[in-house]
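Listed here are the chains, written in short residue letters.
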Amino acid sequence: MQQYSSLPDQNSQTDATPKVLTTIQQLRTQLWLESSLNQLQSRLNCLLFACNTVSQAEAAQAEVFQTVVNEINSAVHNSNLALTDCTVGIALFQPQETVATICYVSRFPSANSFLKVLTAEKKLLLTLQEVIKVEDLQHLENQQPPGAWPLADDSGSVMGWLIIAAAPLISDRESLIESQAQLRSELMARSAKQCTTALLQLRHILSSQQRYEQLSSSNQELEYTNQLKNQFLANTSHEIRTPLSSIILSSDLLLTPGYELSRERQQEYLNIIQSSGKHLLALINDILDLSKIEANQLDLHWETVEVELLCKNVLMLVREKAVNKGLKLYLKIEPDIITLVADPLRLKQMLLNLLFNALKFTSKGSVGLEVAPKGVFVHFTVWDTGTGISEEDQAQLFQPYFQIPKAIAGVEGTGLGLAVTRKLAQLHGGFVKVESEIDHGCRFTLVLPLKQDAGVGGDEEVEKAKFSSSGLAFTPSSCVDILLVENDFPNAHLMQIYLRELGYQVTWVKNATEMWQTLTQLDPALILMDVYLADGNGLNLVQQLRQNQQYGKIPIIIQTAMAMKGDREICLAAGVNDYISKPIDSTLLASMVAKYSKPSITAKTRE
């Protein structure tokens, strides 16, 4: 390599060279340094520009390190500034570690690529996978001239060191050796700074790309959710409008002046109204059940269930629909299965969902229910000879609001039944699976454990069953007064008619003001209270009544549309005696009223 006295000792008195030549040599040195650094920066910029994806950005870090050591090595070897051969490397380490590992070295290592550490006698070879103590690297960093330069992240924490190992500079001029050492140190220090800047930019790029991908994923989820919402609204609108249309048309016919209806025809229209109303209630219950499950607000009430009896009851509920479609129903229960522990109401709901689904998509043939024990589990399999389900649709079948496209025309549903069934099965510690082929029917299997760890419980549903089975506690008489505080006229009117048919005297008021006025003239045996009133909250009124010495002992039943988990407890905590949710079950209402309107509490004698 051609050597130049590029950096003469400016204090030398023997150098007669004009100062302009010194300036030229300094300019040459400065141009080489800036050119080398510009070349390195250009390569690093290209690497950063090429990072279009997260995976590319993650791989680019290794390329940044390798590019830095290669460019420095190339700059030194290709210079004509009398710099000695060298090897450049990068040692990385993990926080809290006491050693670092050389992970990158330059392309053309020098034969004398040794690091002088602490003393000339303690040397380390600068090769891949060489392990160096952090304290030795810190010593190299503090040497004069330095042998290592720290690479820090954006928080200032050191993640590694840029290292150079070179043979000693040889010259008969001490000032030249010092200048060359300074030149090499400046190249290394500024290269380390460029490397650190590139790594920080790379991390920002990686962070931005990750945020972008997260936002893209969130946007896709939101778009999918929006599609489900639109599909749900469309399906629900259809499901609501269809029974509402039946209710309105049937009631219009019953109310048409001059339209004479036979008793049989009147009964038919009333059955349509009742059936459509129950269909609407089932739709609302499906939506509420799914909301309760997703909010972790659905409690199960464990009981020992007689499997055969429950299955027969379930088939009785779907038999009419099967007969209307000309389908045969089959039930097969293995003799080894007699009982299991489950929530009977929810088990019945799951089986009904599967059976109604099978009947919905089966136009001819048969539908069956098979029950068999499998170890500590019991398998309820609902099979049909219907249209079958493709593998593509099976993957989405249990998603809320999903409905099979191009299904049989005219089938009803919101796409909630299977989603609710799967979630109820999971709450029982089980699952639901499906097997199907197009035009070869389906087999849905509900798998539940035979036993549960939870104890037998039951709140509202158990109370409802108890009331429904007990009947009236006594035969009411016309001397029993009931005060009905109800904001909605149709509900109030129908409750009045029903309770008066049972023999009670019912006084209806619309709001809190009327209630207080009426209580000055009436001593009711029972108060039926709505929660939402025009001039107050029913629960606040209950608390006020309980604090009043004159009215504090009157039994109060809340009737409300509040039907989520905890609503019953909130009402009871306010001081009510009992709770009934809307739409009101007439049998349950009659039982509750009979229980709390005791004959000993009588109305004032009317004149």
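To start, this report covers the structure provided alongside it. (Residues numbered from 1 in each chain as written. Predicted model: local features only at pLDDT ≥ 70, side-chain atom pairs only at ≥ 80, totals over all residues. Heavy atoms only, no water.)

Describing unusual backbone geometry
With omega at -5 degrees, the peptide bond leading from Gln144 into Pro145 counts as cis. Here Pro145 shows up in the loop between α3 (134–142) and β6 (148–152). We note that Gln129 has phi near 70 degrees; this positive angle belongs to a residue other than glycine. Positive phi values are uncommon outside glycine, yet Asp439 reaches one of about 70 degrees. Note that Asp439 resides in the loop between β13 (431–436) and β14 (442–449). By relative accessible area, Asp439 is classed as exposed at 61%. (Helix = DSSP H or I, 4+ residues; strand = E, 2+ residues; numbered from the N terminus. Buried < 20%, exposed > 50% of the residue type's maximum accessible area, 1.4 Å probe, protein only.)

Section: the nonpolar core
Formed by 45 residues in total, the largest nonpolar core has its most connected members in Leu340, Leu347, Leu351, Phe380, Phe444, Leu446 and Leu448. Grouped together as the second largest cluster of nonpolar side chains are 33 residues, Leu33, Leu44, Tyr104 and Leu187 included. (Core = buried A, V, L, I, M, F, W, Y, C linked by side-chain atoms within 4.5 Å.)

What to know about empty space enclosed by the protein
Taken as a whole, this structure holds one cavity of 30 Å³ or more when the rule is applied. Volume-wise, the largest cavity comes out at about 110 Å³. Every residue lining the largest cavity is counted, 13 residues in all, and those nearest its centre are Asn357, Phe361, Asp384, Ile389 and Cys442. Put simply, the parts of the chain that give the lining of the largest cavity at least two residues each are α7 (344–360), β12 (377–384) and β14. In terms of residue count, the dominant contributor to the lining of the largest cavity is α7 (three residues). Split into classes, the residues belonging to the lining of the largest cavity amount to eight nonpolar, four polar and one charged. (1 Å grid on protein atoms, 1.4 Å probe; cavity = no way out; pocket = protein on both sides within 12 Å on 5 of 7 lines; lining within 4 Å. Points joined across faces, edges and corners; volume = space filled by probe spheres on them. Nonpolar A, V, L, I, M, F, W, Y, C, P; charged D, E, K, R; others polar.)

A few points about the pattern of salt bridges
In total, this model carries seven salt bridges according to the counting rule given. Lys312 is paired through a salt bridge with Glu308; the nearest N and O atoms lie 3.0 Å apart. With Lys312 and Glu308 both in helix α6 (residues 307–324) and four residues apart, the pair spans about one turn of that helix. A salt bridge links Arg443 to Glu370; its shortest N-O distance comes to 3.7 Å. Taken as a pair, Arg443 in strand β14 and Glu370 in strand β11 (residues 366–374) lie far apart in primary sequence, 73 residues in all. Classification of Glu370 by relative accessible area gives partly exposed; the value is 27%. Sharing partners across several salt bridges, the network here consists of Glu34, Glu186 and Arg190. (Salt bridge = Lys/Arg side-chain N within 4 Å of Asp/Glu carboxyl O.)

Things to note about the packing of aromatic side chains
In the structure shown here, the tally under the stated rule is five aromatic pairs. Their ring planes at 50 degrees and their centres at 5.7 Å tell us that Phe489 and Trp508 sit as a pair that is tilted. Here Phe489, found in helix α11 (residues 489–501), pairs with Trp508, found in strand β16 (residues 505–509); they are 19 residues apart in sequence, far enough to count as distant. Judged by relative accessible area, which is 23%, Trp508 ranks as partly exposed. (Phe/Tyr/Trp six-rings, centres within 6.5 Å; stacked < 30°, edge-to-face > 60°.)

Considering the packing of helix α13 (residues 538–547) against helix α14 (residues 567–574)
Where α13 contacts α14, the two axes come as close as 8 Å, and the packing angle between them is 30 degrees. In this view, α13 runs roughly parallel relative to α14, as classed from their interaxial angle. Residues Leu539, Val542 and Gln543 of α13 pack against Ile570, Cys571 and Ala574 of α14. Counted by class, the contact of α13 with α14 contains five nonpolar, one polar and no charged residues. (Axes fitted to C-alpha atoms, helices over the stretch in contact; angles between N-to-C directions. Parallel < 35°, antiparallel > 145°, perpendicular 65-115°, else oblique. Contact = heavy atoms within 4.5 Å.)

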